[in-house]
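A structural walkthrough
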Amino acid sequence: MIELFRRELPEAWKYEDVAALWPTTVSEHVTAVFHILEHGIDLAEVTTPPAGIELARRLAKHGVQINQLLRSYRFAHASLTQLFSEETARRTKSPELIKAATIALNAMGFEFVDRTAEGAVAAYQTERDRWLQRRLIMVNEASMRIGTTLDTTRTAQELAEVGTDQFADLVTVDLLDSAFREEGTEPTPVPSVVRRVAQQSVLDGYVDSAVCTGQTHTYPEGSELAHALATGQPLRHRITASDIPTWLAASADHRRALRTLGIHSVLLVPLWARGNPLGLAQFLRHRTAPPFDDEDLLLAQEIVSRAAVYIDNARRYTHERSIALTLQRSLLQHRMPEQSAVETASRYLPSGSRAGVGGDWYDVIPLSGARVALVVGDVVGRGLHASATMGRLRTAVRAFSDIDLPPDELLTHLDDVVIRLQREEERGADEFSATCLYAVYDPVSRLCSLASAGHVPPTVVTPLVPGGGPDFRAVELPEMPVGVPLGLGGFPFETAQFELPEGSLLALYTDGLVESRTRDVDTARTLLRDVLAEAAASLEETCDSLLSALLPSRPTDDIALLVARTRALDADRVASWDLATDPAVVSGARAQASGQLAAWGLEDMTFTTELMVSELVTNAIRYGKAPIQLRMILQSTLTCEVSDASSTAPHLRRARVSDEGGRGLLLVAQLAQHWGTRHNREGKVIWAEQLLPDSGSPEPVL
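Below is a summary of the structure that appears in this document. Quick caveat: nothing in here was measured; it's all calculated off a predicted structure. The written sequence of each chain sets the order in which its residues are numbered from 1. Whole-chain, interface and lining totals are the exception, using all residues; otherwise, since this is a predicted model, local features are given only for residues with pLDDT of at least 70 and side-chain atom pairs are given and counted only at 80 or more. Each side-chain value is worked out from all heavy atoms of the structure, with water and hydrogens disregarded.

Quick notes on empty space enclosed by the protein
Buriedness for pockets is judged along seven lines, at least five of which must meet protein on both sides within 12 Å for an open set on the 1 Å grid over protein atoms alone, while cavities are sets there where a 1.4 Å probe fits but cannot get out, and lining residues have an atom within 4 Å of a point. Grid points are joined across faces, edges and corners, and a volume is the space filled by probe spheres set on the points. For the structure shown, the criterion picks out 1 cavity of 30 Å³ or more. Of the voids in this model, the largest cavity is the one considered here, and its volume is about 160 Å³. What lines the largest cavity is a set of 16 residues, among which F5, H29, S72, Y73 and A76 lie closest to the centre. Runs of H or I in DSSP of at least four residues are treated as helices and runs of E of at least two as strands, each being numbered from the N terminus. Those elements that place two or more of their residues in the lining of the largest cavity are α3 (22–39), α5 (66–91) and α6 (95–145). Among the elements that take part in the lining of the largest cavity, α3 stands out by supplying 6 residues, more than any other. Ten residue types, Ala, Val, Leu, Ile, Met, Phe, Trp, Tyr, Cys and Pro, are classed as nonpolar, four, Asp, Glu, Lys and Arg, as charged, and the remainder, Gly among them, as polar. Counted by class, the lining of the largest cavity contains 12 nonpolar, 4 polar and no charged residues.

Digging into the packing of aromatic side chains
The criterion for an aromatic pair is that two Phe, Tyr or Trp rings (for Trp, the six-membered ring) have centres within 6.5 Å, with stacked assigned to planes under 30 degrees apart, edge-to-face to planes over 60 apart and tilted to the rest. The final tally for this structure, using the stated rule, is 2 aromatic pairs. A ring pair is formed by F167 and F283, whose centres lie 5.7 Å apart and whose planes are at 85°; its orientation type is edge-to-face. Taken together, the residues span a long stretch of sequence, with F167 in the loop between α7 (152–163) and β1 (170–176) and F283 in strand β6 (residues 276–285) at a distance of 116 residues. Categorising residues by exposure relies on relative accessible area from a 1.4 Å probe, with only protein chains included: less than 20% of the type maximum marks a residue as buried, more than 50% marks it as exposed, and the intermediate range marks it as partly exposed. According to the relative accessible area criterion, F283 is buried, its value standing at 2%. On the basis of an interplanar angle of 45° and a centroid distance of 5.5 Å, the ring pair of F167 and F292 is categorised as tilted. Of this pair, F167 sits in the loop between α7 and β1 while F292 sits in the loop between β6 and α11 (294–331), and the two are 125 residues apart along the sequence.

What to know about the sheet that holds strand β13 (residues 473–476)
The sheet built from 5 strands is open, its strands ordered β7-β17-β16-β12-β13 with antiparallel pairing. Each end of this open sheet is capped by a strand with a single partner; those strands are β7 (342–349) and β13. Between one strand and the next, the sheet's axes are offset by a mean angle of 10°, whatever the strand orientation. Most of the contacts of helix α14 (residues 521–533) go to β13, to which it runs at about 155°, and overall it touches β12 (459–463), β13 and β16 (505–509). In short, DSSP must find at least two bridges between two strands for them to pair. Every axis in this analysis is a line fitted to C-alpha atoms, fitted for helices over the stretch in contact. Angles between the N-to-C directions lie between 0 and 180 degrees. For this analysis, residues touch if any pair of their heavy atoms sits within 4.5 Å.

Focus: unusual backbone geometry
With an omega dihedral of 0°, the bond running from A626 to P627 counts as a cis peptide bond. Its location among the elements puts P627 in the loop between α17 (606–623) and β19 (628–634). In this model, R446 sits at a positive phi of 60°, which is unusual for a non-glycine residue. Within the secondary structure layout, R446 lies in the loop between β10 (434–442) and β11 (447–453). A residue is classified by how much of its surface remains accessible, and R446, at 27% relative accessible area, is partly exposed.

Thoughts on the sheet that holds strand β5 (residues 265–273)
Overall, antiparallel pairing links the 6 strands, which are arranged β3-β2-β1-β6-β5-β4 in an open sheet. Both edges of this open sheet fall to β3 (216–219) and β4 (235–238), since each of them pairs with a single strand only. Along the sheet, successive strands turn relative to each other by an average axial angle of 30°, direction set aside. Of the strand pairs in this sheet, β1 and β6 are connected by 6 bridges, and their pairing is antiparallel. Counterpart to V173 in the pairing with β6 is A281. Docked against the sheet, α7 engages β1, β2 (192–201), β5 and β6, running at close to 50° with respect to β2. Helix α8 (residues 224–231) rests against β1, β2, β3, β4, β5 and β6 of the sheet, and its axis sits at about 30° to β5.

Quick word on the pattern of salt bridges
Any Lys or Arg side-chain nitrogen found within 4 Å of a carboxyl oxygen on Asp or Glu counts as a salt bridge. Going through the model one piece at a time under the given rule, you end up with 27 salt bridges. For D296, the salt bridge is made with R285, and the minimal N-O distance between the two is 3.7 Å. In this pair, D296 is assigned in helix α11 and R285 in strand β6, connecting sequence segments 11 residues apart. One salt bridge connects R347 with E540, and the closest N-O pair in it is separated by 2.7 Å. With a gap of 193 residues between them, R347 in strand β7 and E540 in helix α15 (residues 539–550) connect regions that are remote in the sequence. On the basis of relative accessibility, which here comes to 39%, the residue E540 falls in the partly exposed class. Among the ionic contacts, a cluster of salt bridges with common partners joins R274, D312, R315 and R316.

Quick notes on the layout of surface pockets
The volume enclosed by the largest pocket comes to roughly 900 Å³. What lines the largest pocket is a set of 32 residues, among which D442, R678, N680, E682 and V685 lie closest to the centre. Going through the elements one at a time, β10, β11, β19, β20 (637–644), β21 (674–680) and β22 (683–691) are the ones with two or more residues in the lining of the largest pocket. When residues of the lining of the largest pocket are assigned to their parent elements, the largest contribution, 4 residues, is made by β20. Grouping the constituent residues of the lining of the largest pocket by class yields 12 nonpolar, 9 polar and 11 charged.

Some words on the packing of helix α12 (residues 384–402) against helix α13 (residues 407–424)
Describing two packed helices takes the angle between their axes plus the distance from one axis to the other. Put simply, α12 and α13 touch, their axes get as near as 10 Å, and they point 145° apart. Helix-helix and strand crossings are classified by hand; for α12 and α13 the assignment is right-handed. Between α12 and α13, the residues in contact are R392, L393, A396, V397, F400 and S401 and L410, H413, L414, V417, V418, L421 and E424, respectively. Taken together, the residues of the contact of α12 with α13 break down into 9 nonpolar, 2 polar and 2 charged. By definition, turning the near helix anticlockwise from the far helix through less than a right angle yields a left-handed crossing, and turning it clockwise yields a right-handed one.

Quick word on a nonpolar patch on the surface
Together, F34, L37 and L83 make up a nonpolar patch on the protein surface, roughly 260 Å² of accessible area in all. If you trace the backbone, F34 turns up in helix α3. Candidate patch residues must exceed 30% relative accessible area and have no salt bridge, after which like charges are joined if within 9 Å and Val, Leu, Ile, Met, Phe, Trp or Tyr side chains if within 5 Å. All accessible-area figures derive from a Shrake-Rupley calculation using a 1.4 Å probe, and residue coverage is judged against the displayed protein chains alone.

Points about the nonpolar core
Core analysis: the largest hydrophobic core is formed by 53 residues, its most contacted members being W361, L374, L393, L411, L414 and Y438. Take this core: its biggest share by element is 7 residues, from β10. In this structure L414 touches L393, A396, V397, F400, C436 and L486, once residues within four positions along its chain are discounted. Joining through side-chain atoms within 4.5 Å is the link that ties buried Ala, Val, Leu, Ile, Met, Phe, Trp, Tyr and Cys residues into a set, and such a set is a nonpolar core. Of all hydrophobic cores here, the second largest spans 32 residues; its members include L9, I53, A56 and A117.

Observations regarding the side chain of E127
Assignment of secondary structure puts E127 in helix α6. In contact with E127, not counting residues within four places along its chain, are R57, A60 and K61.

Re the side chain of S614
Within the secondary structure, S614 sits in helix α17. The exposure class of S614 is buried, given its relative accessible area of 14%. Beyond its immediate sequence surroundings of up to four residues, S614 is in contact with V586 and R590.

Put into structure tokens, the structure is as follows:
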């Protein structure tokens, strides 16, 4: 009977613990039959022998199909029937007795096999249900514990930790080294260069792997490891003293680990996601006695396949975040421009959450007339799209500021830009919007003009006493109208204006600095006021103090912060004259400009300055309207401005040989380093800047 089982049921004999139990099982069943025959026991009281119950349980644990168990009972019944027939024929020659005995014994055999098989099947199903429940629990546990972050290394470590929770004694996770550098992995190179990113053992504090975490190594060409990684097919190995895989036998470190730990069973499960290989997970047993079976391999496959998706998501997120952050930082201002209106310091901090890089930005833009524009904005959204949109809006703001638009008009034009960008988006794409705060500070008048499109107002710190300490500072949020965010269209923006004493602080920031899930905005603003009230002389230290006081360790939103300390231009650095609309005043304007240059010690600039003043004043008298004013500003450059009440802007053109005019602005453009026109509510201002003699200015081309 045992030989019959061995021949007809090879699937049930390939596991050592099952094969070792077959003789005992057969013996107990045969003994039970003889006991029934000898003592006439009622078959209703028959139960499955203990060895049969244990055999059914072991078959269930190894995932052997239940039909193998049922076939064993059919073979047993056939063997019993044959045994009964042979024994009956040996004891009597009477056909009637043989027939009656055969019928009775067959009936008893059928009922015995049915009852014992019923108990075995129940034990098999109970164990199978227990195994399936354990599998579901483990898969559910893996779903909850793996992929809690978008960090590749942490996700791999979570896989290793789940794998050693009553499943394997040692789990290692290797990822292709190329997966850390590329968005998509190419076909697996040979030999495969991998990095050990995670490993976990049931032996606390004992390093039982030949490769350390973080170490790179290679899979030998043609090895089972390389084959599993390249093909995506998992492998199961039973390791014995006479059967050691070549990839283990070839390494002295691996052989030492085998001898020390007694590893006897290994699962090689590749990490594949979206059709690409990512790495390989190894599950090893050395303390757990039963070796891995096919059901264990299926369970490991299911867990690893889930982990592979999480790891790929983390890898893609890391790659996209790196690109977005690189793009974001490349589009931000790296070096503050030279200007004398304010002293500035800035910070950009990406979010620490899985939401990704946002579209926050800041900017410091020098304007004509010694003024400066301070900008802070925030594009709603995350990722590359938000960063790219931020770059487009920052470029638009710079373009609009170059034509010296007032803050409210600039935001109106910027609103149109956002609406056009929305129309250019693909259908079905989420609409985006943005907020922006645009401020202009004039160090001559010490006026700050600003407008907001849905953006939080700045915080202003004014010294009550020049050079006073914290007790002599006032911190406030200026009253100003806040318009709707950019992209809604059809709503006006308003400009607020207030005067700032010299040495005032302006703190412009995005909402990520004050908005938090664990703290209300009013509390954050109070804390911000307290920090600014105690602000150090260094603006860099002030920025650091604000971030450390207001931000958690992992902020959920991007933060852009711009802090500026205002300066005032001394009165002796500005000279202005009101001019009549009479061509005769042109010579007087030249003389006044020449005298002011002499007072500033800039006699070397007299010739070019007189030419520019003459052309600008003549142009204003001929084409402009009263009142006309000439103003000269000395800072890092020399600026000449002529204003009038006309809104007609001059245009640079190339005069023909026969033209009597049209060469004035061309001459100014050749003599000046920069020139331009800005409009205001009173009219326009034409300005021209020259570099000072010690600034390395090129010789004018006439």
